[in-house]
Every structure is written in structure tokens, then in C-alpha cells.
Amino acid sequence: MSDFHYKNGELYTENVPVKTLAEQYGTPLYVYSAAHLRTQAGQLKTTLSQHLPADANAPLICFACKANSNIAVLDLLKQEGLGTDIVSLGEYTRARQAGISPDKIVFSGVGKTDTEIETVLKNGIHQINVESEPELERIARIAEKHKITAPVAFRFNPDVDAKTHAKITTGKHENKFGLTRDALIALYQKADAHAFIAPKGITSHIGSQLTAVTPFKDAFTRMRDLVEMLRAMDMPVTRIDIGGGLGITYTDETPPDLDDYARMVAEIIAPLGTQIILEPGRFIAGNCGILVSQVVHVKQGEKKHYLILDAGMNDLARPSIYDAYHPVMPVLENKAAEHIAYDIVGPVCETGDTFGKNIPLPVMEEDDFVAMTSSGAYGFVMASNYNTRPLPAEILVDGDTHKLIRRRQTVDDILALEIDI
Ligand code: LLP
């Protein structure tokens with residue numbers, strides 16, 4: 001995370017000292033690096049273009065905004081040419097507010113409601129990714145009612161093991177996502193015969209935080225075979241959406257080499273001559289952010305030292321849900337100091353509210369600041385008001401400057417929605 005580094009013993013995000021931000025805006029505080037977001041978007045675009053045939057149209061990269069949906073982040077990525085993969089009316093609204101054009105928005109998810117489908121059809125959408133027969137029927141009914149043709153792609157479940165955490169594996173038959181090959185072919189034909197449905201192609205997303213290349217290769221190969229079968233039946237296939245899933249380094253993971261990934265796209269998918277759509281989330285945003293927190297107490301247990309932070313599992317849920325570890329860095333470096341192994345925990349009343357166990361850190365004191373790294377994806381977006389704890393603020397750093405891109409929620413904000421009988 002070169003956009004987060006120590007300078008004169010202090011942690012910086014780009015050219016801005018993290019301590020200054022923590023003091024000005026309070027903690028817990030999400031801090032994102034604009035440079036990192038641009039680097040990731042640029043790297044993906046460049047690597048793909050290096051491997052794809054020169055005459056191929058540029059792929060449409062739709063940032064999976066479930067990873068980080070702050071409007072300022074979406075706006076920044078829009079300026080890098082990215083579109084958005086959305087999964088709800090809320091995300092659609094954000095994407096549109098960020099100025100993303102409807103022809104760069106794809107709509108994923110297994111349970112789209114009437115209101116959601118109606119809204120995107122009326123206001124514009126590049127494609128709706130269909131995951132089941134009842135969903136196709138629902139889209140057809142709404143499209144017919146409003147006499148609007150619905151562009152759809154069908155999500156293929158290729159039955160490939162993504163070799164990632166079970167809770168974020170999506171491409172096995174036992175998962176709720178997508179359609180088997182035969183079911184997809186039958187639905188495609190049905191859609192093609194419908195006056196208000198325009199089948200555009202297929203999509204697949206086999207899981208998140210993939211570190212192996214082979215599952216992508218297997219999924220892409222099965223997608224290619226399926227497209228060839230559809231075309232042999234005279235079905236029109238003009239788009240292939242290959243989903244997201246590229247892993248990142250949190251501690252010592254080795255993510256797939258981007259060149260290998262792009263080469264596979266070029267070798268397996270590009271020859272089909274379709275528009276290629278990608279839906280990366282974590283790859284773009286994961287390492288763009290840190291969660292800054294302050295030490296409330298240092299507690300000496302019978303056997304352990306606990307570092308009790310003011311951030312909890314409600315602010316960063318990944319450790320409690322996926323046993324993830326987001327490396328903890330002291331905001332003020334203390335190279336010479338003696339190290340102590342801490343259990344780093346939050347204030348929430350659950351044992352699962354633990355960020356790390358036996359983590360060696362320089363001796364820490366009350367009021368010190370720490371940063372939990374790699375928190376730019378699935379960080380703030382998964383935060384909750386559990387224990388009536390207000391949502392953190394978010395800051396976007398860009399070079400020497402920074403902007404508050406979401407103010408801290410207050411307890412009054414939370415209570416304002418409740419009705420006392
Ligand atoms: N497309 C679809 C249809 C998805 O469901 C997802 C993620 C993505 C794209 C983006 O995947 P990525 O490139 O970020 O791997 N909360 C979990 C991750 C859940 C991912 C859900 N779907 C976590 O914190 O690890």
C-alpha cells in the first residue's frame with residue numbers, strides 16, 4: 001500500500017498525515033487514497049488493452065459498487081472511464097447521482113423487486129443480469145406493461161470452485177446464484193422469442209477474493225463453450241460479462257497476476273467478438289482505504305493484553321464475518337519500542353468483535369491512533385448501527401489535499417427515524 005506510508009515516523013495517506021485527519025474529524029474514520037483508486041483502474045485498463053486484439057472495443061469495466069459506494073468514489077472512477085455494477089435501487093441512485101451514464105450500469109443480484117426493475121427500465125440500464133426463470137418472467141411482465149424493451153444477460157453458474165472463503169463463493173451448483181447451462185439455454189430461447197426482452201449475452205461471477213487463476217480459466221472456458229452453443233442455436237450473443245473476483249493482498253496473499261488474467265480474457269473470451277464487461281470491486285478499492293481508530297484503553301487481562309479501540313465490528317465487519325485480518329499499523333511509528341502481543345478488539349459486546357489476536361505492536365497507550373489497512377472495499381459499506389453506534393465519517397485524500405466525503409453520523413441522525421408510541 002504505497003499510497004499509505006511512514007514519513008518522519010508518521011503514517012501518511014499520500015501527502016496528508018493521518019494523525020491530522022484523525023484529530024480534525026475524529027475516529028473511527030475511513031480514509032481513502034484517490035491516487036490508489038486511479039492506479040488500480042488504470043492498471044486494469046492498460047493491462048487489458050495490452051493483451052486484447054488491437055481492433056477490439058475497450059472492455060466496459062463496471063466497478064462493483066457494493067465494495068465502496070460513496071458517491072465521490074464513484075465519481076472519481078467515472079472520470080477514469082469506469083461504469084458501475086449495482087445490486088439495488090439504492091446503488092442505482094448513487095451511480096446516477098455520481099453522473100454515471102445508464103449505458104455503463106449493469107444490474108446484478110438474485111432478488112430484484114418490481115420497483116427496482118421498473119425504475120431501471122424507465123431511467124436506463126445497460127443490462128439486467130437475470131438469475132432465474134421467475135425473475136425473467138417478472139422483468140418480461142414489467143417491460144411489457146411499460147412497452148420498454150429490457151436488455152438482459154443471463155447469469156451462468158459454471159459449477160467451478162473459486163477456492164476462496166465459503167461465504168464468498170458463488171459459482172458452485174449448491175450456491176443460490178445463476179443458472180445451470182441447460183436452464184440458461186432454455187431461458188435464453190424464451191427471452192429471444194419475447195417482444196420486450198432483448199437477450200444480450202451471458203454473465204458469471206464465481207466468487208470474491210480469488211487468489212488462484214485456474215478457477216477463472218475454468219469459468220471462462222465454460223462460458224465460451226456456452227456462447228458457442230447458444231450461437232449454434234441462432235441465439236444473438238453480443239456481450240460477455242466476466243464478473244469480478246480478483247483478489248488483493250491483505251497480509252501475505254498472492255493475488256492472480258494481472259497479465260495472466262488479461263491473457264486469459266484475450267485468449268478465451270475475446271475471440272468471441274462480443275463486448276467484454278468486467279465487474280471488479282475489491283481489486284479497485286480494497287487497498288485504497290484504511291480505518292483509523294483510537295485506543296480507548298489498554299487492558300491488562302490475566303493472560304493477555306487487550307487493545308480496546310473505538311472502532312468495532314459495526315465499523316469493519318470483515319474480521320467477525322470472514323475471520324479476515326486487516327493489518328493494524330500504529331499511526332505514529334515507534335521503531336525502537338519494545339513490542340507486545342495484543343488482542344485488538346472493539347467496544348461492541350461480543351467476543352467476535354476482535355480485529356486480531358496476538359498481534360505484536362510497539363507498546364501502545366490510551367489515545368494512540370492505529371490504522372486498519374486494506375479497508376477500502378467491503379469496509380464502510382458493511383458498517384451498521386449495532387449498539388447504536390453512529391456510522392464513521394469518510395475522507396478522500398488526493399495528493400496534498402483531502403475532502404470530507406461523508407460526515408460522521410450522529411446519534412440524533414439514528415434516532416430521527418424512530419417513532420415513539
Ligand atoms: N459481481 C457480482 C455479481 C458480485 O456479487 C460481486 C461481489 C462482484 C461483482 C465484485 O466482486 P469482487 O471483485 O469485489 O471480488 N463482503 C465480502 C465480499 C462479498 C462479495 C459479493 N459479491 C467480503 O468482505 O469479503
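Predicted, not measured: the structure shown is a model, and the values here were computed from it.

1. Observations regarding the site of the ligand
- Around the ligand, 19 residues are found, and the nearest of them are Ser-208, Glu-279, Arg-318, Tyr-322 and Tyr-378.
- One of the backbone nitrogen or oxygen atoms of Arg-282 is found 2.8 Å away from an oxygen atom of the ligand.
- Relative to its free-state accessible area of 580 Å², the ligand is covered by the protein chains to the extent of 91%.
- Here the residues of the shell around the ligand are counted per class, giving six nonpolar, seven polar and six charged.
- Of the domains in this structure, domain 1 (4–33 + 286–415) and domain 2 (34–282) are the two that each give at least three residues to the shell around the ligand.

2. Structural notes on the sheet that holds strand β7 (residues 105–107)
- Taken in spatial order, the eight strands close into a barrel running β5-β6-β7-β8-β9-β10-β11-β12, and their pairing is parallel. Direction aside, neighbouring strands of the sheet carry axes that sit 30° apart on average.
- The sheet contact formed by strand β5 (residues 60–64) and strand β12 (residues 275–278) spans two bridges and is parallel. Paired with Ile-61 across the strands is Leu-278, a residue of β12.
- In this fold helix α6 (residues 133–146) packs onto β8 (127–130), β9 (150–155) and β10 (197–203), with an angle of close to 150° to the strand it touches most, β8.

3. A few points about the sheet that holds strand β1 (residues 4–7)
- Taking strand neighbours across the sheet as the criterion, the three strands line up as β1-β2-β3 in an open arrangement whose pairing is antiparallel. Looking at which strands have only one partner, the edges of the open sheet turn out to be β1 and β3 (16–17).
- Here β1 runs beside strand β2 (residues 10–13); their pairing, made up of four bridges, is antiparallel. Bridge assignment links Lys-7 to a residue of β2, and that residue is Glu-10.

4. Considerations on the domain arrangement of the protein
- Assigned domains of the protein: these are domain 1 (4–33 + 286–415) and domain 2 (34–282).
- Each of domain 1 and domain 2 was reduced to a C-alpha centroid, and the two centroids are 32 Å apart.
- Each partner contributes to the interface: domain 1 provides 24 residues, whereas domain 2 provides 24 residues.
- Ranking the residues of domain 1 by area buried against domain 2 places Asn-287, Tyr-322 and Tyr-378 at the top, with a combined share of 27%.
- Across the contact surface, domain 1 and domain 2 share one salt bridge.
- The salt bridge involving Arg-38 is made with Asp-398; its shortest N-O contact spans 2.8 Å.
- Our enumeration of links across domain 1 and domain 2 arrives at 15 residue pairs in polar contact (both at pLDDT 80 or more).

The rules behind each value
- Residues numbered from 1 in each chain as written.
- Predicted model: local features only at pLDDT ≥ 70, side-chain atom pairs only at ≥ 80, totals over all residues.
- Heavy atoms only, no water.
- Near = heavy atom within 4 Å.
- Polar contact = N/O pair within 3.5 Å; in protein donor to acceptor, adjacent residues only side chain to side chain.
- Areas by Shrake-Rupley, 256 points an atom, 1.4 Å probe, with all protein chains shown as cover.
- Nonpolar A, V, L, I, M, F, W, Y, C, P; charged D, E, K, R; others polar.
- Domains from an automatic or database assignment.
- Pairing = 2+ DSSP bridges.
- Helix = DSSP H or I, 4+ residues; strand = E, 2+ residues; numbered from the N terminus.
- Axes fitted to C-alpha atoms, helices over the stretch in contact; angles between N-to-C directions.
- Contact = heavy atoms within 4.5 Å.
- Buried area = accessible area lost by both parts, 1.4 Å probe.
- Salt bridge = Lys/Arg side-chain N within 4 Å of Asp/Glu carboxyl O.

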